[in-house]
Each structure stands twice: as C-alpha cells, then as structure tokens.
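An overview of the molecular structure
Single-letter residue listing:
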Amino acid sequence: MKTLRLFPLELGRLLRSRLTWLVVLLTVLSPAAGLILYKPAYADTMLSMYLANPALAGGVAGGILFALLTIFELDRARRSRTDMLTDAAVSPHAMALVRLLALLTAAVLATGLAMLVWLPISMGLIGAVFTGVDYVLAYLLFMGLALPLAILAAGAAYQFTQRTDLSAVLLAAFAGLSLTVWADDWQLCWLNPCVWAMSDDFTNFRLFRTVAWMRLTWLGILAGVWGVSYLCIRRYGKGLLGSLGRSVRRVWRPAIALALLVCSGTAYAAQPFYDNSNPDLTAMTLYELDYAEGVTFLDRTVQVFPDTEAGAVEGRAVYRFQNTSGKEWTACFGVDPGYDLTASVGGEAVPAVRTGYEESNMALWEIALPADGEVELTLEYGGFPKDWNLSSTVQGDPEISGIYLCLENQRLFPYLLNVLPGDEDYPTTVEVTLPGAMLAIPFGTSEAEVVAEHRDGTRTWRYASNSTGGILYAGDYVRQDIQAGGMTIEFYYGRKHQAVMEAAGAADAVRAVVDYCTEHYGALSFGTGDTLKLIQSRVAGGGYAVDGASLLNEEDFTTANLDDTGKGAIPGEVFIHELVHQWWGLGNMFDTADETSPWSSEGLTVYTTYRIVKELYGEDYAQKYYVDQWRQEVDDYFLNFYVRRPEYLEKLPEAERLNIAGSLSGVRHYSEMPLKILKAEQLVGGEAAMDQILHDLFNREVDPAYPYLTYQDFLDACHLTEEELDLG
Amino acid sequence: MEIAIENVSMTYPNGKQALRELDLELKSPSLVGLLGPNGAGKSTLMKLLVSALAPTAGTILADGQPLEKAERQLKARLGYLPQDFGLFDELTVTQFLDYMAALKGLRGPQAAIREVIRAVNLEEKARARIRTLSGGQRQRVGIAQALLGDPAFLIFDEPTVGLDPEERIHFRNLFSRAAQDRLVLLSTHIIEDVQSVCDQLVVMDHGQILFAGTPEALIQSAAGHVGVFWEREAGQEAGLHITARVNTGRGVRCRAVADTLPAYAQPSEPSLEDAYLYLIHLHSKEAAL
C-alpha cells in the first residue's frame with residue numbers, strides 16, 4: 001500500500017527532471033528515423049513504410065533512451081547520497097519498486113505522446129489505407145512495449161552491478177545482440193521485432209499476435225530477471241550474495257521471480273506460431289510415403305469453420321476409401337502442426353497418432369483403418385495454425401480475420417499423403433462458413449456459391465474440386481467481372497483499396513492489358529479456361545498462379561507505387577505495368593541472380609507497357625513519357641561517378657553502397673533494358689517482328705528444370721548479340 | 001521509546017571490526033550525546049540503529065522487539081539525519097519535504113511541513129529549488145526532514161556541521177526541546193553541543209563504550225586528574241596530556257589531564273571537555289598496555 005502512495009510522488013519527482021523530458025522528447029521524435037535511416041520493414045506497402053518503420057525505429061531508439069534514463073535515475077539517489085535519507089524511511093526494495101513504476105509510467109507517457117504527435121503525420125503519409133486499429137497496435141507493440149523491456153533490463157543490470165558503467169556495457173551488449181545476432185530470430189529480437197511487412201488492404205493480426213507474444217515473453221523473462229536483481233539490492237552493508245541471502249528470507253519474493261521465469265520460459269518453448277518442420281528443405285519424406293496397397297480414394301466432404309476472431313480454424317472432413325486388399329491399413333495425413341485431430345470410422349472413434357515428425361509445414365498423423373472394402377473416415381480437426389518455421393522472419397501468414405483469410409492445403413483440411421486417386425482424381429466438396437462480408441474465392445477453376453445464410457450473419461459457401469489439396473482465399477473483396485482476351489476476368493481487390501483502384505482505372509487497365517497481351521503474346525497458361533481470377537493478395541513477397549487464378553501482390557498497387565513515374569506516367573499506367581507482369585514475370589519467369597545484368601522481368605514489362613500506352617494514347621505521348629525518359633535516365637547513368645569509377649563504390653559503407661547500387665540497378669532494369677529491347681525492335685525489323693519474337697518466346701517449350709527466360713534466349717530469338725544492343 | 005543494545009558487534013566485510021560487544025540502553029525522554037574520536041564507531045552504531053547495517057553479532061531491541069523483525073515499525077517512528085547525505089536538487093524545499101513526508105507515510109503533511117520549515121528557519125526558502133541553497137541551508141533541510149512527523153526517536157549525526165555559531169545555538173535548543181518527550185541521539189565531536197543540552201552521554205572509542213551516564217558523572221570521574229601549570233615550570237613527565245595552551249603576559253599557561261598530577265600542577269575543576277579527554281587518554285594508555 002505504501003508503494004502505491006509513494007508512486008505518484010516519485011513520478012512527480014521524475015517528471016520534474018529536465019533529463020526525463022529530454023528523453024521523452026527524443027523518444028517522441030525518434031519515429032522520424034524510421035522514415036529516413038532505419039527501415040527494417042522492407043515491403044513497399046504504405047503501412048510498412050509509414051507505420052511499421054517509424055514505430056520500430058521509435059521502439060529501438062526509445063528503448064535505448066529509457067534504458068539510459070533508468071540507469072541514470074537508479075544511480076542518482078546513490079550518487080547524490082539521497083538514499084541515506086530515503087532508506088531510513090522506507091526499505092530500498094520499496095523504493096526500487098516505486099522507481100520502476102515511475103519509469104514505466106514515464107515510458108507510457110512517451111509512447112502516448114509519440115502516438116498523438118505521429119497520428120496526423122501517419123494519416124497524411126499513409127492516405128486512404130490508414131486505419132486506427134493498425135496505428136494503435138503498431139505503436140503499442142512495435143514501439144510501446146520496447147520501452148518497459150529496456151527499463152527492466154537496465155534496472156536489472158544496475159541492481160545486479162550497482163555500477164553505471166557496467167550496467168551500460170551490459171545493456172549495450174543485450175541490445176546489440178538483439179540488433180545483430182538475434183535479429184533473424186523472431187523470439188529473441190526483443191528490441192527490434194521481425195517485421196518485414198504490414199498489409200495496407202487487409203488485416204495484420206497474425207503479425208501483431210507474433211510480436212505481442214515475443215514482447216510478452218520477454219516482458220516475463222525480464223520481469224523475472226528484474227525480480228532476481230531486486231533480491232540483490234544491497235542492504236545492511238552487505239554485498240550481492242549477502243543481500244540476496246537476506247532478501248530470499250521472504251519467500252514470496254524469489255517465488256514471484258521464479259514463477260515469472262518459468263512462465264516466460266514455457267511461453268518461449270511453447271510458442272504457437274511456428275512449427276518444427278525438418279530444417280532440411282530437401283527432405284521429401286512425406287511426399288515419398290508408400291501408397292496404401294489396394295486402396296483408392298473415392299471422395300471427400302469438408303466443412304470448414306474459420307474463427308475470424310481468434311484467427312483459428314475448426315473443421316470436419318469425411319473421407320471415403322475403397323480397399324480391395326482385404327487388409328487393415330494405415331492412412332497418413334499431413335496436418336497443420338497447430339491443429340489437433342480426432343478420427344472416427346462409422347461413428348466409432350479410432351486412434352489418430354501424431355508421429356512427431358514435421359516437414360514442409362505439415363505434421364504427420366497416422367490412422368489405422370479396418371480391412372473393410374469401403375471405409376468412411378471422419379476427421380474432426382482444428383486449432384491455431386502454425387506457420388512454417390523457415391518463414392519466421394517474414395511474419396504474417398496465415399492471416400485469418402474478418403476481412404481476409406488464406407487457407408492453403410493442410411491448413412484447409414488434412415492433406416492425404418498415401419492413397420492413390422480414383423478415376424476422378426480426388427473429388428472433394430468444400431463448405432466454408434464465413435462472415436457475411438467475406439467472399440470465398442477458391443484458388444483455381446472452381447467457383448464457390450452461397451448455399452446457406454445464417455441468423456448470425458454468416459454465410460456458408462460451397463465449391464467442388466478434385467485436387468489433392470486446395471487453396472481458399474476469402475475476404476472483404478470487391479469483385480469486378482471484365483470481358484477481355486476472350487474470357488471473363490474475375491478481378492478481386494480489397495474493399496479498403498477500392499478508392500485507389502478506381503482512381504487508377506483498374507478495370508480499364510485490366511481490360512487493356514489482357515486484350516493486348518493475349519493478342520500479341522498469347523493467353524496466359526493459367527488462364528486457358530473461360531475465366532481467370534485475378535486476386536489481390538495480402539502482402540506476401542511475390543505472386544503465383546494456377547489454372548484459372550493468379551495473384552496480384554498488394555505491394556504493387558500501393559499509392560506510392562502507382563505514383564512511381566519510373567513505371568508509368570500516371571497511376572493507371574503503373575497499374576498496367578504491374579498487370580503485364582502476369583505475362584512477363586509470372587507467365588514467363590526470369591532468373592535475376594546476376595545483379596549487374598540489366599536483364600530482368602522489368603525490361604520486357606516496361607517495354608510492353610510502353611507499347612500498350614502507345615496504342616492507348618498515341619506515339620507522341622509514349623515517346624515523351626517513356627522513350628525520352630529512358631534515354632535521359634541512361635545518359636545520367638553513364639555519367640554517374642560510381643558507374644565510371646566502380647572501385648569507389650566498393651569503398652563506401654555497406655548501407656550507402658547498397659542504396660546506390662540499388663538505384664543504379666533500377667536504372668539498368670527500368671530504363672537501359674527497355675532501350676535495348678527498343679533497339680532490338682529496330683534491328684529485327686520493327687514492332688510486328690518483335691511481337692512475333694516475343695510471342696514465340698512466351699509460348700516456347702519450357703525446361704521444367706530451369707523454367708526461366710534468359711537474356712541469351714532473347715538474344716538468340718532476335719538473332720542478335722549482346723554487343724549489337726550496346727547503347728554506347 | 002526504548003532501545004536496548006545487547007552484546008552487539010559489527011565487523012565489516014573487509015575485516016575491520018567497528019564495534020565490539022556493545023551493551024547499552026536508551027530510554028525516552030532523553031537527549032543522549034554520543035561522543036568519540038573519528039573511527040570510534042559512532043556512525044556505525046547509528047547505522048545499526050536505522051537498519052542501514054545489520055550487526056554481525058548481538059541483538060538490538062526496539063521496544064522489546066528485535067530490530068530485524070520490527071524494522072518497518074521503527075522506521076515509521078524514526079527521524080534520521082546522516083552525516084553525509086544528499087537532496088534532490090530539482091525539487092523545492094517544500095516539494096522535497098512533501099516527498100519525505102510521503103516516504104514516512106504522513107497523511108495530510110502540509111501543516112507538519114510548515115512547522116518544520118519554521119523550526120529550521122527556512123520560511124524564506126520554502127519555494128526555492130534545493131540546488132540554489134547554501135551548504136548551511138541544505139543542512140537545515142536535512143534536519144527538517146528528520147523532524148517531520150514528530151518521530152519518537154531522532155538520530156542526528158554531526159547535525160551542526162556547516163552551521164554558523166548562532167544557528168548552532170538555535171539547533172542545540174531545538175534538540176533540547178525535542179528531547180522533552182522523545183529519545184534523541186546526538187552524535188558530534190563538538191563538546192559544546194552536548195555540554196549544555198544532553199542529559200546522558202555515551203563516549204566511544206575503538207568500537208567500545210568507555211562511558212555511559214550523566215555529564216556530571218563524567219565530569220566527576222575526572223576530578224583530581226585535571227591541573228594547570230606554567231609551561232616554563234613543567235618537566236618531562238610521562239602520562240601528562242596537555243589539553244590546552246594559553247599565551248598570557250606571564251608566559252604560556254597549560255591545562256592537562258593525568259592519572260597522577262605532577263607537583264608543579266595546580267589541581268583544577270574539570271570541564272566536560274577535560275573529562276572526555278581524560279577518558280580517551282586513559283583508554284588509549286590502557287589499550288597501549
């Protein structure tokens with residue numbers, strides 16, 4: 001009780017110190033570093049650039065500042081010998097607790113002020129995709145919680161050592177570990193959480209959950225360590241061990257510290273976000289299991305119930321098998337490692353054994369089944385999905401929320417590993433029950449339809465497929481059906497992005513690109529049916545496609561990207577550029593291993609964009625905003641000091657070198673290569689000849705072992721040499 | 001308030017033995033003067049009494065309760081001014097006293113704060129930042145915080161250091177008034193400070209109590225051991241400890257203490273300072289033997 005009475009007084013004293021206010025001011029300003037210097041979130045979404053990075057920078061800088069303030073404040077009473085008076089009135093333990101609470105409150109105040117100051121700035125920078133929930137959670141988790149961690153660490157260091165110099169060294173080492181050695185371990189980087197991207201158009205709860213778990217785990221660990229250091233506060237003129245010996249006589253003190261350490265250790269070991277898949281990525285154990293002898297797959301019916309509040313999934317899958325062997329057999333399933341599973345046959349429970357082996361984000365389960373000729377196996381499964389451990393530094397997948405989810409294969413339903421398909425492959429009916437605002441979009445040729453609407457506002461969607469697994473996207477999407485290229489393009493994008501998409505003339509751009517590219521290069525290999533779904537996906541670092549569906553990475557459609565004049569004169573043209581990547585980049589893939597080469601998917605994409613724009617707006621427009629700009633960029637490039645004297649580039653600090661190298665590489669890809677292709681066009685006889693060459697290249701027979709379109713392939717197709725395309 | 005020190009010894013981790021088997025009883029109301037040369041163990045004893053240190057042997061009882069079990073209760077009734085202390089410079093005098101009042105658990109402390117500010121003559125500096133105060137004013141803030149809350153047990157370690165003569169007299173009287181219904185322990189090396197106000201004296205040296213009793217008893221113990229003589233008449237007797245030399249028109253007049261006064265010394269009425277020096281001198285001689 002006395003501690004509670006002392007707290008406001010100690011806080012008042014702390015807030016009368018000029019140093020405290022200096023630290024608060026610097027902490028409030030520190031998010032600016034995330035706009036300029038410190039940019040760990042490397043995705044190009046608006047929230048990554050203008051929310052995640054400032055908040056992360058604020059966390060690192062604020063954490064370090066508050067740690068130093070903590071050491072200074074704890075040492076101050078001792079240095080000024082004020083402790084001689086205070087210790088005679090209350091125990092040093094009570095004072096330590098009060099000082100800790102006061103410092104924590106000052107940290108809360110600094111975080112709150114930072115959030116207030118940066119709110120209008122963030123809203124202005126982020127624009128239409130700003131949301132209060134993302135803002136508050138990002139600042140609280142990325143920045144706010146770094147401060148108490150640093151205060152606890154610094155406080156513990158001081159209470160152990162009773163020396164400012166040693167405490168500062170220990171703190172520097174601890175922070176240094178987080179920023180270097182532990183930077184790629186999502187559970188250890190206590191100061192700078194692994195945040196690579198935030199989604200603009202969809203939710204970020206999975207990311208927030210992982211960061212919160214890490215922060216709270218460390219909060220427990222450091223509170224426990226602080227608790228141990230609290231026992232070492234020097235008393236009665238004794239040293240560290242003597243004081244410890246006296247303090248532990250009150251058993252509740254070490255008991256609390258120990259309980260915190262045990263709880264946080266358990267939280268560390270039992271984290272629910274990442275699996276323990278075999279780190280050997282070449283391992284194919286699950287895919288090389290022997291097929292069950294004489295057993296074939298008949299059909300499968302699945303009901304999936306995503307819990308969009310908890311980010312979890314529950315489901316029920318009924319499998320029917322034909323067994324002609326007359327023997328008992330074992331069905332093997334790959335299940336999301338975060339799920340639990342129970343099995344029954346004909347209403348009777350049968351043992352489902354989790355083997356303990358995990359590979360490729362699947363836990364191997366085995367279920368012994370009877371020798372019956374036809375077996376109906378029911379699996380009840382569910383839980384909080386675990387992500388593949390190899391993607392622990394690119395957090396955020398799988399996101400499950402009220403406006404977005406993506407359930408892939410073993411996350412959608414147990415993935416059957418050892419049963420041969422029947423005559424119709426793996427006929428499957430999937431029913432998924434979703435909040436009313438969400439559209440279900442099977443990734444592929446299947447079409448989902450609503451089969452039931454429930455009183456709680458949810459709707460059940462049903463679709464059929466016949467593949468082994470399956471991918472389901474669902475979200476608060478806007479759907480636009482566009483007739484182009486002789487097919488219907490189902491264009492799905494997040495409702496939050498609607499204003500940006502409409503401003504960029506997205507539907508017109510889709511039509512123009514699909515018409516042009518289909519006519520000139522051919523239909524997309526994954527769009528051979530009557531429809532092609534173009535689905536804007538949550539930021540994922542890239543896209544992919546299957547028959548009937550292709551992803552558009554949301555990173556490519558941010559306001560910042562659409563305003564990038566290097567890709568197009570106006571946002572609509574950047575949109576065209578990004579869609580052309582469906583042909584050059586996804587339909588045909590490019591290997592970009594050689595950083596110094598101008599060859600990449602960008603060259604042909606920029607060239608094709610120029611050709612489309614030329615067709616849409618005329619030759620003069622295309623000449624002015626494309627060809628002339630390329631020439632200017634390339635002229636500047638060859639005048640660049642570091643291009644003429646590359647040996648000096650090597651001498652620069654790494655960050656600066658990478659920055660300059662990246663900028664030069666951009667010119668090579670976005671300006672030099674399109675100019676070379678334009679030169680090739682002239683050398684091969686004009687646009688029609690080049691179109692034919694590109695058509696042939698696009699439709700060439702691809703080597704599955706190396707499915708990339710190389711520069712040499714292009715040169716060979718043009719019957720030209722590299723030297724002939726030299727721009728000098 | 002009753003403090004009982006029973007067979008208390010204190011040895012520091014570096015091996016230095018600061019107190020040896022001390023036995024002492026202190027009862028309120030009383031103003032106890034604690035005298036002794038540097039290194040006698042006075043500060044160590046006071047740190048033990050405020051639980052800044054724990055004895056390596058023996059027990060200290062506060063109102064019959066072992067101090068290690070009654071530490072919190074003792075602190076609630078304690079006012080302590082250490083010899084070497086600091087203040088929070090960024091606070092004003094009133095804010096600092098408000099802070100200390102909260103540490104002591106005082107509720108509604110404004111009247112008590114005004115009272116102690118008046119008692120230490122700091123009314124004009126009540127709103128001044130502590131960083132602007134002189135050394136003597138800081139010392140008075142220290143005394144004020146000890147007086148806060150009307151504690152039953154007051155411990156002052158060299159409280160008059162840095163004060164001018166007028167202030168010293170003022171505070172001597174203040175301590176005397178405070179001791180009318182409380183236990184006040186006053187450690188000093190200035191005999192004048194204790195001579196006029198203390199009703200009990202404790203003299204320490206080398207970690208031991210040499211004397212505990214009234215000032216009159218201490219003076220009485222030196223009767224017949226104090227003498228005066230002209231320096232020119234003095235011989236080279238061993239055991240004669242000169243306590244004062246005064247230049248006069250007739251030569252240098254010396255005052256000395258000794259077990260046995262030489263023939264040329266005229267016996268003189270001992271003062272408290274003579275008695276204290278005789279006791280220390282005697283103890284040093286015994287220790288040397």
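Remember, predicted model here, so these are calculated numbers, not experimental data.

A separate point is the overall build of chain B. A count of helices and strands for chain B gives nine helices and 14 strands. Here the C-alpha radius of gyration of chain B, 21 Å, is about what a compact globule of 289 residues would show, namely 19 Å. For the C-alpha atoms alone, the extent of chain B along its principal axes is close to 65 × 45 × 35 Å. Intrachain contacts of chain B at a sequence separation of at least 6 include 68% that bridge at least 24 residues.

A word on the overall build of chain A. Check the secondary structure of chain A and you find 23 helices and 20 strands. Overall, the C-alpha framework of chain A stretches about 95 × 80 × 50 Å when taken along its three principal axes. When the 728 residues of chain A are sorted by exposure, 46% land in the buried category. Taking the contacts inside chain A whose residues are at least 6 apart along the sequence as the reference set, 74% of them involve residues at least 24 apart.

Once that is clear, we can look at the sheet that holds strand β14 (residues 459-465) of chain A. Residues and elements named next belong to chain A. The mixed open sheet is built from eight strands, whose spatial order is β5-β4-β8-β2-β1-β11-β14-β13. Since the sheet does not close on itself, it has two edges, and those belong to β5 (348-350) and β13 (449-453), each with one partner. On average, adjacent strands in this sheet sit at an angle of 25° to one another, irrespective of strand direction. Here β13 pairs with β14 via four bridges, running antiparallel. If you follow A452 over to β14, its bridge partner there is T460.

Turning next to the interface of chain A and chain B. If you look at the interface, chain A gives 20 residues, while chain B gives 24 residues. When contributions to the side of chain A that touches chain B are tallied by element, the ones reaching two or more residues are α1 (2-15) and α5 (83-89) of chain A. When residues of the side of chain A that touches chain B are assigned to their parent elements, the largest contribution, six residues, is made by α5(A). By residue class, the composition of the side of chain A that touches chain B is eight nonpolar, six polar and six charged.

Take Q220(B): it is sitting in helix α8 (residues 215-221). Along the sequence, Q220(B) and P270(B) sit 50 residues apart, while their C-alpha atoms lie 7.8 Å from each other.

Moving on, we get to the domain arrangement of chain B. All names here are of chain B. What the domain assignment reports for chain B is domain 1 (2-77 + 152-213), domain 2 (89-143) and domain 3 (219-288). Contact residues are listed per partner, giving nine residues for domain 1 and six residues for domain 2. Top element by residues in the side of domain 1 that touches domain 2 is helix α6 (residues 165-178). It accounts for three residues. Among the residues making up the side of domain 1 that touches domain 2, the classes are represented as six nonpolar, one polar and two charged.

Looking at chain A, the domain boundaries give domain 1 (2-269), domain 2 (290-429) and domain 3 (497-725). For domain 2 of chain A versus domain 3 of chain A, the separation of C-alpha centres amounts to 41 Å.

Now for the confidence of the model for chain B. Averaged over every residue, the pLDDT of chain B is 88; the share at 70 or more is 98%. The complex prediction reports pTM at 0.82, with the ipTM value standing at 0.86.

Residue and element names in this part refer to chain B. Read from one edge to the other, the open sheet built from four strands follows the order β2-β1-β4-β5, with strand pairing classed as antiparallel. The sheet is open, and its two borders are formed by β2 (17-27) and β5 (65-66), each paired with just one other strand. Looking at chain direction, strand β1 (residues 2-11) and strand β4 (residues 57-62) are connected through five bridges and run antiparallel. Bridge pairing in β4 places I5 opposite I60. Sheet strands touched by helix α1 (residues 42-49): β1, β2 and β4. Its angle to β1, the strand with the most contacts, is close to 120°.

We now examine helix α7 (residues 132-144) of chain A. All names here are of chain A. The terminal C-alpha atoms of α7, which comprises 13 residues, lie only 16 Å apart, well short of the 18 Å expected from a rise of 1.5 Å per residue. When we look at burial in α7, the residues that qualify are D134, L137, A138, Y139, L141, F142, M143 and G144. Where α7 is buried, its residues contact α4 (46-79), α6 (92-126), α8 (146-161) and α10 (205-231).

With that settled, consider the environment of L61(B). All names here are of chain B. In this structure, L61 sits in strand β4. L61 sits 36 residues away from E25 along the chain, and the two C-alpha atoms are 9.5 Å apart. Among all residues touching L61, those that are not within four sequence positions of it are A4, E6, P66 and L67.

What follows is about unusual backbone geometry. The omega torsion across S28(B) and P29(B) is -5°, close enough to zero to call that bond cis. Position of P29(B) relative to the elements: it lies in the loop between β2 and β3 (30-35). We note that S360(A) has phi near 50°; this positive angle belongs to a residue other than glycine. Structurally, S360(A) is set in the loop between β6 (352-359) and β7 (362-369). The backbone phi angle of D63(B) is positive, close to 50°, even though this residue is not glycine. Position of D63(B) relative to the elements: it lies in the loop between β4 and β5.

A few words on the pairing of β14(A). Residue and element names in this part refer to chain A. By the bridge criterion, seven bridges tie strand β11 (residues 428-434) to β14 in an arrangement that is antiparallel. Its bridge partner being in β14, T433 is matched across the sheet by T460. In this structure, the hairpin formed by β13 and β14 is closed by a connection of five residues, where G457 is found at a positive phi of approximately 90°.

The next thing to look at is helix α5 (residues 135-147) of chain B. For α5(B), built from 13 residues, the straight-helix expectation of 18 Å at 1.5 Å per residue is met to within 8% by its first-to-last C-alpha distance of 19 Å. The element α5(B) is extensively covered by neighbouring structure, given that ten of its 13 residues are classed as buried. In this fold, the buried residues of α5(B) make contact with α5 of chain A together with β6 (78-81), α3 (93-103), α4 (110-119), β7 (153-157) and α6 of chain B. Backbone geometry just after α5(B) places G149(B) at a positive phi near 85°.

Residues and elements named next belong to chain A. Viewed as axis vectors pointing N to C, helix α17 (residues 601-617) and helix α18 (residues 619-639) meet at an angle of 140°, and their least axial separation amounts to 7 Å. Overall, the two elements α17 and α18 adopt an arrangement that is oblique. Facing α17, whose interface residues are Y610, V613, K614 and Y617, α18 presents E619, Y621, A622 and Y626. Among the residues forming the contact of α17 with α18, the class breakdown is six nonpolar, no polar and two charged.

Residue and element names in this part refer to chain B. Axis separation between α3 and α4 bottoms out at 10 Å; the angle between their running directions is 125°. By the angle between their directions, the pair α3 and α4 is classed as oblique. In this structure, the crossing between α3 and α4 has a hand that is right-handed. The residues of α4 that touch α3, namely those facing V93, T94, L97, D98 and A101, are A112, I113, V116 and I117. The residue inventory of the contact of α3 with α4, partitioned by class, reads seven nonpolar, one polar and one charged.

Turning our attention to the pairing of β3(B). Residues and elements named next belong to chain B. Judged by how many residues are buried, β3 sits mostly within the fold: five of six residues are covered. Here β3 runs beside strand β8 (residues 183-187); their pairing, made up of five bridges, is parallel. Residue G33 lies in a different strand from β8, and its bridge partner there is L186. Pairing between β3 and strand β9 (residues 200-205): four bridges, direction parallel. Looking at β9, one finds that V32 is bridged to Q200.

Residues and elements named next belong to chain A. Structurally, P337 is set in the loop between β3 (329-335) and β4 (339-345). Look at P337 and you get buried, because 24 C-beta atoms sit within 10 Å. Separated by 272 residues in the primary sequence, P337 and L65 place their C-alpha atoms 40 Å from one another. Those residues in contact with P337, other than ones at most four positions away along the chain, are D275, E358, N361, A363 and K386.

Reading the values: rules and limits
Residues numbered from 1 in each chain as written. Chains lettered and ligands numbered in written order. Predicted model: local features only at pLDDT ≥ 70, side-chain atom pairs only at ≥ 80, totals over all residues. Helix = DSSP H or I, 4+ residues; strand = E, 2+ residues; numbered from the N terminus. Rg over C-alpha atoms; globule rule 2.2 N^0.38 Å. Contact = placed C-beta atoms within 7 Å. Buried ≥ 20, exposed ≤ 12 C-beta atoms within 10 Å, placed from the backbone. Pairing = 2+ DSSP bridges. Axes fitted to C-alpha atoms, helices over the stretch in contact; angles between N-to-C directions. Nonpolar A, V, L, I, M, F, W, Y, C, P; charged D, E, K, R; others polar. Domains from an automatic or database assignment. pLDDT = per-residue confidence, 0-100. Expected span 1.5 Å × (residues − 1). Parallel < 35°, antiparallel > 145°, perpendicular 65-115°, else oblique. Left-handed = near helix turned anticlockwise from the far one by under 90°.

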